[in-house]
Amino acid sequence: MLPVADDDQQPNGGHGRGPRHLRRSRRGRHAARFRLRAAVPLEIGRYAVVTVAVAAVGLSSTLSSSAGPGPGATPANGVALAGDAGRSAADGPASRSRNRKPADGAGTVTPPAGKGTPPAANATPTPTKAAPAPAATQPASPTVPAPVGGLTQAEMNNAVAIIDVARQLNLPRRAAVVGIATALQESHLRNLANPNLPQSLRRPNEGVGYDYDSVGLFQQRPSWGTVDQLMDPRESARRFYAALAKIQGWEQQAVTVAAQLVQRSAFPDAYAKWEGLAQQIVDAVM
């Protein structure tokens, strides 16, 4: 039997690439090309599926966090949301504004009604600031009576000082009348300095007198005390009353006589004309 010639054999007995080999080669190239074309879409499809899945998970997380806890949310969810909100507020606005001073209340989150975070069991309550106690009402100071009898306010103030000293010494009203009448005659209730005593010019005064070296409301001379004492309305009145109290029976004497016994003026009757006004002033004050 004659051997059948193989397709791979050449007629001359040599081996070569016959039709069968060609068919196998073509099938191999076509199969490789098919496998390449099929593999590429498969990898692209897998990548797309993974991308879509990741995007879906991210979108689901965003929606769930922005929606906030529902009516049945647990306290733990509320705490987490409140903490996230607090961190966002504390971080402040965009980076362009980070150097700005935070507005009042920044970083404080007020949860909406019904969704607040319940207080912790051991939380210490914030002490409430007690309202300041109302200031104690100070008693009203006695007002200086308005001037009477044509006096100025400064003259009326000096009259009040003379009358107050009489009350402090527990002297009767008549002593105050004698003292006011005397001061009206001597200085018209003005605290007078005297250039002959330069120190008196540096003390508060309501004018200047030139009667020897006499100063003050009662025109007392240096034998009565220091310049500072005689230019003090209350101290000069105290010295006048001390001299008046030494006179035996001054209470039964006429105002002008009692005043003259203290002052020893060259015009002893001059005090009488001031008795009516002195009584009016004392009545207004006492």
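Cut-offs and rules
- Residues numbered from 1 in each chain as written.
- Predicted model: local features only at pLDDT ≥ 70, side-chain atom pairs only at ≥ 80, totals over all residues.
- Heavy atoms only, no water.
- Helix = DSSP H or I, 4+ residues; strand = E, 2+ residues; numbered from the N terminus.
- Buried < 20%, exposed > 50% of the residue type's maximum accessible area, 1.4 Å probe, protein only.
- Contact = heavy atoms within 4.5 Å.
- Areas by Shrake-Rupley, 256 points an atom, 1.4 Å probe, with all protein chains shown as cover.
- Core = buried A, V, L, I, M, F, W, Y, C linked by side-chain atoms within 4.5 Å.
- 1 Å grid on protein atoms, 1.4 Å probe; cavity = no way out; pocket = protein on both sides within 12 Å on 5 of 7 lines; lining within 4 Å.
- Points joined across faces, edges and corners; volume = space filled by probe spheres on them.
- Nonpolar A, V, L, I, M, F, W, Y, C, P; charged D, E, K, R; others polar.
- Phe/Tyr/Trp six-rings, centres within 6.5 Å; stacked < 30°, edge-to-face > 60°.

Asker: I keep staring at the overall build of the protein and nothing clicks. Help me out?
Answerer: Of the regular secondary structure elements, the protein holds nine helices and zero strands. Sequence-ordered secondary structure for the protein, helices as α and strands as β, is α-α-α-α-α-α-α-α-α. Per-residue burial over the protein gives 26% buried out of 286 residues. Sequence-distant contacts, at least 24 apart, represent 52% of the contacts inside the protein between residues at least 6 apart. Approximately 19600 Å² of the protein is accessible, and the part contributed by carbon and sulfur atoms is 58%.

Asker: Would you explain the nonpolar core in this entry?
Answerer: Within the largest apolar cluster, 37 residues are counted, with the highest numbers of intra-cluster contacts made by Ile162, Ile180, Leu184, Leu189, Tyr241, Leu244 and Ile281. If you list the elements that add at least two residues to this core, you get α3 (153–168), α4 (173–187), α7 (233–245), α8 (255–263) and α9 (275–285). Ranked by residue count, the leading element in this core is α4, at eight residues. If we ignore the near neighbours within four places in the chain, the residues touching Leu184 are Leu151, Leu189, Trp274, Leu277, Ala278 and Ile281. Core analysis: the next-biggest nonpolar cluster, separate from the first, contains six residues, Ala193, Leu197, Val227 and Met231 among them.

Asker: So what exactly am I meant to see when it comes to the layout of surface pockets here?
Answerer: The gaps of empty space that remain are located by a probe, the size of a water molecule, rolled over the atoms. The space that makes up the largest pocket amounts to roughly 450 Å³. Around the largest pocket, the lining comprises 19 residues; the ones closest to its centre are Glu186, Gln219, Gln263, Arg264 and Ser265. Counting residues per element, the ones that place at least two in the lining of the largest pocket are α4 and α8. With three residues, the top contributor of residues to the lining of the largest pocket is α8. Among the residues forming the lining of the largest pocket, the class breakdown is nine nonpolar, six polar and four charged.

Asker: Would you take a moment to explain the packing of aromatic side chains for this structure?
Answerer: Any aromatic ring pair is given by two values, namely how distant the centres are and how the planes are angled relative to each other. Tallied over the entire structure, the rule returns two aromatic pairs. Measuring from centroid to centroid gives 4.8 Å for Phe218 and Phe240, while their planes differ by 15 degrees, and the two rings are stacked. With Phe218 in the loop between α5 (198–201) and α6 (227–230) and Phe240 in helix α7, this residue pair connects regions lying 22 residues apart in the sequence. On the basis of relative accessible area, Phe218 is assigned to the buried category, the value being 0%. Between Phe240 and Tyr241 the ring centres are 5.8 Å apart and the planes differ by 70 degrees, which places this aromatic pair in the edge-to-face class. Tyr241 shares its class with Phe240; the two are buried. Taken together, Phe218, Phe240 and Tyr241 form an aromatic cluster joined through their ring pairs.

Asker: Looking at this structure, I do not really get the environment of Ala270. What am I missing?
Answerer: Along the chain, Ala270 turns up in the loop between α8 and α9. Residues Ala270 and Thr256 lie 14 residues apart in sequence; the distance between their C-alpha atoms is 7.4 Å.

Asker: Please clarify how α8 should be interpreted in this entry.
Answerer: The element α8 is extensively covered by neighbouring structure, given that seven of its nine residues are classed as buried. For α8, every residue scored as buried is listed here: Val255, Thr256, Ala258, Ala259, Gln260, Val262 and Gln263. The inward-facing, buried residues of α8 contact α4, α7 and α9.

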